[in-house]
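Coordinate inspection notes
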Amino acid sequence: MSGRFAPSPTAALHLGNLRTALLAWLFARSSGRRFRLRVEDLDTLRVSAGGDVARQQLADLLALGLDFDGDVVWQSERRDAYAAAIASLDTYECFCTRREIAEAPSAPHADGYRPYTGTCLRLTAARRAELASTRRPALRVRAAGERCTVTDLWAGSVTGTVDDFVLVRNDGVPAYNLAVVVDDLAMGVDQVVRGDDLLSSSPRQAWLATRLGGVPPTYAHVPLALNRSGVRLAKRDGAVTLADLARLGMDADRVLAVLARSLGLATSREHVTLPQLLERFDPLQLPRHPWVVDPSDYADADVNRMSIT
Ligand code: GLU
């Protein structure tokens, strides 16, 4: 039994990412699980720079004291496992462009995701041959609109209709939904704690886990961190990474204290340790709303002078 944290190495971890990592660690450790780490570096466009970013991300987690078990799993080294999973599934090629999918008569989900309507299932042989001569196909799984329900700590029961989602993109890169599920099963992950922007993907992923002969994990989708304007926190919001904050004199212990306070696990300015946080941790008492990151709440005058909108 394991929990995990699975960052994409696109940028340094910011306070919101670090808070999710801390929560994932607390959920895992407080329930006697192992805590695994996975680098989601499949996006080949980013992979070369991603190595350095990933190493910094791991160093930042360790600086906070978030230790993990076993080897770090790098998705870029797991192509064979994804291929084996694909071979066991009922799939078909899809030649649709992004634009064609956007223009198809399907209602987008609340998060903007457009369920696939199965256009490429209905191609004539001639049309298929024509498309195949000019376009590279993506690979989709045949899900036939099955419904799948997951249970989330905060959101409760979430039911989704599973469309024929993409397993391999048309540039040959395994899709996020496939890689996450194959890896979570292989890594013994039965507890997924991550940002709530991924909540709507979870019925699709739970369905795929079952299809691959596994048991879907339990989910806790953490409300995101926002900036003072109510927009999802990003690096451009000022001093939000460990490196930024260290330059302003805040060491990892102080950052841990800020994160703990945002979770209701510490009082203002209180110095806390991870063992103390583990003792205080109660999943049912966690805040249910997004965390608005306001440096004036935690930082010294130096940090307050940073322009943060
Ligand atoms: N790599 C994803 C991210 O950084 C997380 C995927 C997951 O936790 O399932 O947002």
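We now turn to the structure provided with this report. (Residues numbered from 1 in each chain as written. Predicted model: local features only at pLDDT ≥ 70, side-chain atom pairs only at ≥ 80, totals over all residues. Heavy atoms only, no water.)

1. Comments concerning the state of the cysteines
Quick note on the threshold: Defined by distance alone, a disulfide is two cysteine sulfur atoms within 2.5 Å. Between buried and exposed lies partly exposed: a residue is buried under 20% and exposed over 50% of the maximum accessible area for its type, with that area taken using a 1.4 Å probe on protein chains only.
Counted according to the given criterion, the structure contains zero disulfides. Cys 120 supplies the cysteine sulfur nearest to Cys 96, a cysteine that is in no disulfide, at a spacing of 3.7 Å. Accessibility expressed as a relative area gives 16% for Cys 96, which makes it buried. For Cys 120, a relative accessible area of 3% gives the class buried.

2. Concerning the site of the ligand
The test is simple: We call a residue near a given molecule or strand whenever any one of its heavy atoms falls within 4 Å of it. For this analysis, a polar contact is any N or O atom pair within 3.5 Å, provided that within protein one partner can donate a hydrogen and the other can accept it, and provided that sequence-adjacent residues contribute only side-chain to side-chain pairs. Residue burial considers only the protein chains on display, and all accessible areas are found by Shrake-Rupley using a 1.4 Å probe. The residue classification treats Ala, Val, Leu, Ile, Met, Phe, Trp, Tyr, Cys and Pro as nonpolar and Asp, Glu, Lys and Arg as charged. All others, Gly included, are polar.
If you check the shell around the ligand, you find Arg 4, Ala 6, Pro 7, Ser 8, Glu 40, Tyr 176, Val 180, Arg 194 and Leu 198 and nothing else. Within the side chain of Tyr 176, an N or O atom sits 2.9 Å from an oxygen atom of the ligand. Relative to its free-state accessible area of 300 Å², the ligand is covered by the protein chains to the extent of 78%. When the residues that make up the shell around the ligand are grouped by side-chain class, the tally is five nonpolar, one polar and three charged.

3. A closer look at the packing of aromatic side chains
Formally: Geometry of aromatic contacts follows a simple scheme: Phe, Tyr and Trp rings, the Trp one being its six-membered ring, pair when their centres are within 6.5 Å, and the pair is stacked under 30 degrees between planes, edge-to-face over 60, tilted otherwise. Secondary structure elements are defined from DSSP: runs of H or I of at least 4 residues count as helices, runs of E of at least 2 residues count as strands, and each element is numbered from the N terminus. By definition, being over a ring means that NZ of Lys or CZ of Arg is both within 6 Å of the ring centre and within 35 degrees of the ring normal.
Summed over the entire model, instances satisfying the criterion amount to three aromatic pairs. Between the aromatic rings of Phe 27 and Phe 281, the centroid separation amounts to 5.1 Å while the plane-to-plane angle is 75°, which identifies the pairing as edge-to-face. Residue Phe 27 is found in helix H1 (residues 15–30), and its partner Phe 281 is found in the loop between helix H10 (274–280) and strand S12 (291–292); the two are separated by 254 residues along the sequence. For the pair formed by Phe 27 and Phe 281, the shared burial category is buried. Ring centres 6.0 Å apart and planes at 80° place the aromatic pair Phe 165 and Trp 207 in the edge-to-face group. Of this pair, Phe 165 sits in the loop between strand S7 (156–161) and strand S8 (166–168) while Trp 207 sits in helix H7 (residues 202–211), and the two are 42 residues apart along the sequence. For Trp 207, a relative accessible area of 5% puts it in the buried group. Here Arg 140 stacks its cationic end above the ring of Tyr 116, 3.5 Å away from the centre of that ring. Sitting above the plane of the Tyr 113 ring, Arg 204 keeps its charged end 3.8 Å from the centroid.

4. With respect to the pattern of salt bridges
Applied cut-off: For this analysis, a salt bridge means a side-chain nitrogen from Lys or Arg found within 4 Å of a carboxyl oxygen belonging to Asp or Glu.
Within the structure shown, the criterion is met by 21 salt bridges. When the shortest N-O distance is used, the salt bridge between Asp 67 and Arg 29 registers 3.4 Å. Linking Asp 67 in the loop between helix H2 (47–63) and strand S3 (73–74) with Arg 29 in helix H1, this pair joins segments that are 38 residues apart in sequence. Given a relative accessible area of 21%, Arg 29 falls into the partly exposed group. If you follow the salt bridges from partner to partner, you end up with Arg 4, Arg 38, Glu 40, Arg 78, Asp 183 and Asp 184 in one network.

By themselves, these figures tell us nothing about what the structure is for.
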